[in-house]
Amino acid sequence: MSQVDLVIRGARVVSDHQIIEASVAIDGESIVAVGHDDLMPPAREVLQADGMYLLPGAIDSHVHFRDPGYPHKETWKTGSAAAACGGVTTVFEMPNTNPPTGTVDALNLKLKAAESSYVDFGIHGLLGDDTVGHLEELIEAGVTSFKAFVGNTFGNLPSPSDGALLEGFEKLAPLGIRTVVHAENSSILARRQKRMQAEGRIDALAHLAARPVVAEIEAIGRVLTLAEWTGARVHIAHHSAADSLFLIREAKRRGVDVTVETCPQYLLLNTDHADHLGGILRLNPPIREARHNQPLWDAMMDGTIDMIATDHAPHAPEEKTRANIWECDCGFPGIETQMALMLTEVNRERATLMDYVRWSSVNPAKAWGIYGTKGVITPGAHADIAVVDMNKSGILSENELQSISKISPWDGRAVKGYPIHTLLRGRFVMRNGKLVTEAAGWGRSVKGIQAMPKAKPQNTEHYTSAILKTPEGVRPTAEPTR
Ligand code: NCD
Ligand code: ZN
């Protein structure tokens, strides 16, 4: 057997259905063998990983790397460094940059910025009234998927009209491409916020009061209606409420291709933390009352919620700590702390490591059409691996974050279970807890490997494209009327 680049021995390999003692051989960018140590080929390097677990690198469906537009909040280099140090090997990055990722020019700016990435990436293009006419161009130019800001949030992108959303779904359904939706009802949020401001409310909890659960219920219901009708694949971003889960359960039962993410903050934080965290906690959708935490966890366990994402939404500390809640930017960083937080819950026996791998790697890989190459430790797959020490304890510290945004609600939180090394396509991007700075730029787009399952468009005879066809015998008017 010819020599390979690396063999990892002594660890246990975790998939979504089993944990086995096995060595893993890596050559070039790929895994070439998983099995008994006696069967491993000779290697140039051995990583002795006794007592460790090998997890497929985490795939984070929801990150904001801010570049182009807000490099004082984050850049691709710092955001992806945070990913690498958090055991994350693939990210999907959001279009609320400046310019927003709704034109080929803006996409090219982003792809240029992403050349410094430590981790692999997909790009969510913007789906809105102004972009719905050229989704195909964006796909051609490199977006992997789309995002619709149905609820207003950072960047103040106008929420798509229902008409544009329907037409967008009609275009994307036959292509099998999935659209992420920020599902809150914008008009409810805007009106409520105005009312709160008029009353002089500037406290942290006013933000939650302005974004009631019903705004999430309404938006999810509307989006699922359009998705089911058109056969479009959708993905509900940052699911925050217990009360909207029934809609997902029913839609899944009817066969709607909807995937759902939640984030550590919705599982582990609640308004009881608002007193000492204040504006730091401001994000969209809001952190809600404690009664939502456990039902969201239960929904992860029963498959209603498919995956864990972070909504890594960095802002400068100064932008997060203003006295008036309406002047605090929404969001906080999370990509670097997700794995340690979730492994801590595994150590508390709230889930198994196999559950975690299903949420962090397997299901996101399936949702974005990259499963097999990513999301699994098996011969032929990319060698994207988080080497995890379940016994390492520590205290999360915002000062140690790679992210520019050194302000985190997790600061000071005790955790047990850490990624120690992160490999992306055979190369260490974090080693012994330290960023491997030479690996900047090793990340690349997953577009080339993306293969979504067969599309299932529905009701195509009612699509805008179909009704625009002139029936025989009817003379089209010369000019479209406006
Ligand atoms: C995100 C951001 O800052 O870009 N903020 C947030 O509160 N979640 C936008 C978003 O995902 O809604
Ligand atoms: Zn959002």
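What you see is a predicted model; the values in this text were computed from it and never measured. (Residues numbered from 1 in each chain as written. Chains lettered and ligands numbered in written order. Predicted model: local features only at pLDDT ≥ 70, side-chain atom pairs only at ≥ 80, totals over all residues. Heavy atoms only, no water.)

(A) Region of interest: unusual backbone geometry. Look at the link from Asn98 to Pro99: it is a cis peptide, with omega at 5 degrees. The residue Pro99 is located in the loop between strand 9 (88-93) and helix 2 (104-113) in this model. Residue Pro285 is bonded to the preceding Asn284 through a cis peptide linkage, with omega at -15 degrees. By secondary structure assignment, the location of Pro285 is in the loop between helix 10 (274-277) and helix 11 (293-302). The phi torsion at Arg66 lies on the positive side, around 70 degrees, for a residue other than glycine. Relative to the elements of secondary structure, Arg66 occurs in the loop between strand 8 (58-63) and helix 1 (76-85). By relative accessible area, Arg66 is classed as buried at 2%. Of note in this structure, Asn432 is not a glycine but carries a positive phi near 50 degrees. With respect to the helices and strands, Asn432 occurs in the loop between strand 18 (427-431) and strand 19 (434-435). Judged by relative accessible area, Asn432 falls into the exposed class, the value being 55%. (Helix = DSSP H or I, 4+ residues; strand = E, 2+ residues; numbered from the N terminus. Buried < 20%, exposed > 50% of the residue type's maximum accessible area, 1.4 Å probe, protein only.)

(B) Looking closely at the site of ligand 1. In the region of ligand 1, 15 residues are neighbours, and Arg66, Asn96, Thr153, Asn284 and Asp311 sit closest. At a separation of 2.7 Å, an oxygen atom of ligand 1 approaches a polar side-chain atom of Thr153. Computed on the free molecule, ligand 1 has an accessible area of 320 Å², of which 100% lies beneath the protein chains in the complex. Taken together, the residues of the shell around ligand 1 sort by class into four nonpolar, nine polar and two charged. (Near = heavy atom within 4 Å. Polar contact = N/O pair within 3.5 Å; in protein donor to acceptor, adjacent residues only side chain to side chain. Areas by Shrake-Rupley, 256 points an atom, 1.4 Å probe, with all protein chains shown as cover. Nonpolar A, V, L, I, M, F, W, Y, C, P; charged D, E, K, R; others polar.)

(C) Structural view of the sheet that holds strand 9. Spatially, eight strands are ordered 8-9-10-11-12-13-14-15 in an open sheet, and the strand pairing comes out parallel. Each end of this open sheet is capped by a strand with a single partner; those strands are strand 8 and strand 15 (307-308). Note that strand 11 (residues 145-148) and strand 12 (residues 178-181) share three bridges and pair parallel. Note that in strand 12 the partner of Phe146 across the bridge is Thr179. (Pairing = 2+ DSSP bridges.)

(D) Just the pattern of salt bridges, in detail. Applying the stated criterion to the full structure yields 28 salt bridges. Ionic pairing is found between Asp37 and Arg9, a salt bridge with its closest N-O pair at 2.8 Å. Taken together, the residues Asp37 in the loop between strand 5 (30-35) and strand 6 (43-48) and Arg9 in strand 1 (residues 4-9) connect sequence positions 28 residues apart. With a relative accessible area of 29%, Asp37 lands in the partly exposed category. We classify Arg9 as partly exposed; its relative accessible area is 23%. Across the pair Arg222 and Glu218 runs a salt bridge, and its minimum N-O distance is 2.9 Å. Of the two residues, Arg222 and Glu218 are both situated in helix 7 (residues 213-230); the distance of four residues between them amounts to about one turn of the helix. Taking the relative accessible area as the measure of exposure, Glu218 reaches 30% and is therefore partly exposed. Through salt bridges with shared partners, a single ionic network connects Glu29, Asp120, Lys374, Asp384, Arg425 and Arg444. (Salt bridge = Lys/Arg side-chain N within 4 Å of Asp/Glu carboxyl O.)

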